[in-house]
Amino acid sequence: MHATKGDRLLVHGRTVGQRDRTAEVIEVLGEQGEPPYRVRFEDGHQCLMSPGPDTVVRHLSEAEKQQ
């Protein structure tokens with residue numbers, strides 16, 4: 001898994017009734033875009049995260065990076 005600052009992580013719910021969550025990567029602590037990442041969830045909660053197989057990286061487009 002590789003991510004850069006500003007990318008979004010989509011964390012799928014693990015159990016029935018648990019909703020998916022989205023977090024913004026605010027800092028990459030691994031080498032060459034690898035985990036761990038410092039992330040901020042929609043509710044403002046921040047944490048260090050080493051995503052598992054239930055997580056998908058949504059990369060920023062070039063246009064979004066320039067804004």
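Please refer to the structure placed before this passage.
Residues numbered from 1 in each chain as written. Predicted model: local features only at pLDDT ≥ 70, side-chain atom pairs only at ≥ 80, totals over all residues. Heavy atoms only, no water.

## Quick word on the packing of aromatic side chains
Reasoning step 1: Under the counting rule described, the total for this entry stands at zero aromatic pairs.
Reasoning step 2: A cation over an aromatic ring shows up here: Arg21 above the ring of Phe41, its NZ or CZ 4.2 Å from the ring centre. (Phe/Tyr/Trp six-rings, centres within 6.5 Å; stacked < 30°, edge-to-face > 60°. Lys NZ or Arg CZ within 6 Å of the ring centre and 35° of its normal.)

## A look at the nonpolar core
Reasoning step 1: Counting residues in hydrophobic clusters, the biggest one holds 10 residues: Ala3, Leu9, Val11, Ala23, Val25, Tyr37, Val39, Phe41, Met49 and Val57.
Reasoning step 2: Here this core gets three residues from one element, more than from any other, and that element is strand 3 (residues 37-41).
Reasoning step 3: Each residue touching Leu9, except ones within four places of it in the same chain, is listed here: Arg21, Thr22, Ala23, Val25, Tyr37, Val39, Met49, Pro51, Thr55, Val56 and Val57. (Core = buried A, V, L, I, M, F, W, Y, C linked by side-chain atoms within 4.5 Å. Buried < 20%, exposed > 50% of the residue type's maximum accessible area, 1.4 Å probe, protein only. Helix = DSSP H or I, 4+ residues; strand = E, 2+ residues; numbered from the N terminus. Contact = heavy atoms within 4.5 Å.)

## Section: the pairing of strand 1 (residues 8-11)
Reasoning step 1: In terms of strand pairing, strand 1 meets strand 2 (residues 21-28) through four bridges, oriented antiparallel. Counted as the bridge partner of Val11 is Arg21 from strand 2. (Pairing = 2+ DSSP bridges.)

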